[in-house]
Amino acid sequence: MCVWWYKAGMDVSGGNHRHEAPWKRMSKEELDNQYSPSRWVVRLGAEEAMRTYSQIGNEVSKRARATGRSLLNVPYGDGDGEKLDIYLPEAVSEAMPFLVFFHGGYWQSGSKDTSAFMVNPLTAQGVAVVIVAYDIAPKGTLDQMVDQVTQSIVFVQKQYPGNQGIYLCGHSAGAHLAAMMLLADWTKHGVTPNLKGFFLLSGVYDLEPIMHTSENAPLLPALEDAQRNSPLWQLETAPTRPADPACRILVTVGQHDSPEFHRQSREFYQTLCQGGWKASFEELHDMDHFEILWNLTQEDYVLTQSLFK
Ligand SMILES: N[C@@H](CC(=O)c1ccccc1NC=O)C(=O)O
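Residues numbered from 1 in each chain as written. Predicted model: local features only at pLDDT ≥ 70, side-chain atom pairs only at ≥ 80, totals over all residues. Heavy atoms only, no water.

Across its full length, the chain carries ten helices and nine strands. Here the chain has a C-alpha radius of gyration of 18 Å; the compact-globule value for 309 residues is 19 Å, and the two agree. Principal axes of the C-alpha set define a box for the chain whose edges measure 55 × 45 × 40 Å. A burial count over the chain gives 56% of its 309 residues as buried. (Helix = DSSP H or I, 4+ residues; strand = E, 2+ residues; numbered from the N terminus. Rg over C-alpha atoms; globule rule 2.2 N^0.38 Å. Buried < 20%, exposed > 50% of the residue type's maximum accessible area, 1.4 Å probe, protein only.)

Structural data, given as structure tokens:
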């Protein structure tokens, strides 16, 4: 099922006309602008938005840890940075569903320690939440981050083989890392995770334009690095199939996200549909790049409700 909330003016022709990609006509300055989400926040200035972002992240994570039902800094690999936090519901059982979250920060900032946004509403509903740390740049390369995220999911599956489903959620750069799991070859890891759903919030799925921005260029030394790590490019070139045909993918973007972020989400959603994935697309009304995530602390927020379902 592919569900698309159509908006006037959208290109619904279906194909992804990469050679006509609008970013190719943009100046470096315009690309920097399009790929700086804080500049598109409407209710706060850019710097204030970033300050508020860490403040909220800090507070909610402290609150989530205060319940005492968490296993913190659990190693999922041998590296120093390969740790995750598990937040458990009151009633722990073999067959809990798991939501695994990957934070954003353009692969260069952010931490699991300040990213427990959805923990309290979800654990209250019997869902175990896992917040994953990965080695951000410059320590980690994109290939390493993708590998670490893969390992973290393998760890959850091996640790909780009776799980009722693993749902991946990522914000911004974290949505990119979660989306890369659509391409993962699990056979190498000796276990196929019970992936039931993906919640991709304001993500970047084609990294090529990022190569031309000042802040992010060092992450992607060559076009091959960008293509290898672009789920949009990969799925267009070599489509993959879900291990579980019931696995669903929700691609969301905030109304106030930049036009490039809108284009990325829309094209990724279209590519998923063309590849036979069960995808849906939602533009979240009056939300900016950060509110889309902050609001997951609220039970009555439309996305929290989607997670419950
Ligand atoms: N320097 C970026 C920061 C940024 O993009 C960001 C910050 C926190 C969490 C997610 C982010 N974006 C994607 O990963 C900006 O200007 O918005």
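Moving on to the layout of surface pockets. Size it by volume and the largest pocket reaches roughly 580 Å³. What lines the largest pocket is a set of 23 residues, and nearest its centre among them are Tyr167, Phe199, Ser306, Leu307 and Lys309. At the level of elements, strand S7 (195–201), strand S8 (248–254), strand S9 (278–284) and helix H10 (302–308) are the ones that each hand at least two residues to the lining of the largest pocket. Per element, the largest residue contribution to the lining of the largest pocket is four residues, and it comes from S7. Taken together, the residues of the lining of the largest pocket break down into 14 nonpolar, five polar and four charged. Size it by volume and the second largest pocket reaches roughly 400 Å³. (1 Å grid on protein atoms, 1.4 Å probe; cavity = no way out; pocket = protein on both sides within 12 Å on 5 of 7 lines; lining within 4 Å. Points joined across faces, edges and corners; volume = space filled by probe spheres on them. Nonpolar A, V, L, I, M, F, W, Y, C, P; charged D, E, K, R; others polar.)

The environment of the ligand is formed by 14 residues, the closest being Ser38, Gly105, Tyr106, Ser172 and Ala173. Within the backbone of Pro37, an N or O atom sits 3.2 Å from an oxygen atom of the ligand. Within the side chain of His289, a nitrogen or oxygen atom sits 3.4 Å from a nitrogen atom of the ligand. Considering the ligand on its own, with 400 Å² of exposed area, one finds that the protein chains cover 91% of that surface. Among the cavities detected, the one that contains the ligand is the second largest pocket. For the shell around the ligand, the per-class residue count stands at six nonpolar, seven polar and one charged. (Near = heavy atom within 4 Å. Polar contact = N/O pair within 3.5 Å; in protein donor to acceptor, adjacent residues only side chain to side chain. Areas by Shrake-Rupley, 256 points an atom, 1.4 Å probe, with all protein chains shown as cover. Sits in = over half its atoms within 2 Å of the grid points.)

Further remarks concern the packing of helix H4 (residues 142–159) against helix H5 (residues 173–180). The contact between H4 and H5 brings their axes to 9 Å, and the two run at 65°. In terms of orientation, H4 lies roughly perpendicular with respect to H5. Taken as a pair, H4 and H5 cross one another with a handedness that is right-handed. Of H5, the residues touching H4 (which contributes Leu142, Met145, Val146 and Val149) are His176, Leu177 and Met180. For the contact of H4 with H5, the residue count by class is six nonpolar, one polar and no charged. (Axes fitted to C-alpha atoms, helices over the stretch in contact; angles between N-to-C directions. Parallel < 35°, antiparallel > 145°, perpendicular 65-115°, else oblique. Left-handed = near helix turned anticlockwise from the far one by under 90°. Contact = heavy atoms within 4.5 Å.)

On to the packing of aromatic side chains. Here the structure, examined in full by the defined rule, presents eight aromatic pairs. Taking the centre distance of 6.1 Å and the plane angle of 25° together, the rings of Tyr53 and Phe117 count as stacked. Taken together, the residues span a long stretch of sequence, with Tyr53 in helix H2 (residues 46–66) and Phe117 in the loop between strand S4 (98–102) and helix H3 (119–123) at a distance of 64 residues. Taken as a pair, Tyr53 and Phe117 share a single burial class, namely buried. On the numbers, 5.7 Å between centres and 45° between planes, the contact of Tyr269 with Phe281 is tilted. (Phe/Tyr/Trp six-rings, centres within 6.5 Å; stacked < 30°, edge-to-face > 60°.)

Residues given the UniProt feature "active site" (unreviewed entry) here are Ser172, Asp257 and His289. These residues run over 118 residues, yet every pair of their C-alpha atoms falls within 10.8 Å of each other. Residues from the annotated list that form part of the lining of the second largest pocket: Ser172 and His289. Counting through the fold element by element, Asp257 comes out in the loop between S8 and helix H8 (259–274). The exposure class of Asp257 is buried, given its relative accessible area of 5%. Within the fold, His289 resides in the loop between S9 and helix H9 (291–294). Owing to a relative accessible area of 2%, His289 belongs among the buried residues under this scheme. When sequence neighbours within four positions are dropped, the list of residues in contact with His289 reads Pro37, His171, Ser172, Ser202, Asp257 and Phe261. (UniProt positions renumbered as here; feature names shortened; annotations may be inferred.)

Summing up the model confidence of the chain, the mean pLDDT is 91 and the portion of residues at 70 or higher is 94%. Overall, residues 5–16 carries pLDDT values under 50, and its contacts beyond four positions in sequence, including any with other chains, amount to 22 contacts. Taken together, the chains of this predicted complex give a pTM of 0.94 and an interface ipTM of 0.90. (pLDDT = per-residue confidence, 0-100.)

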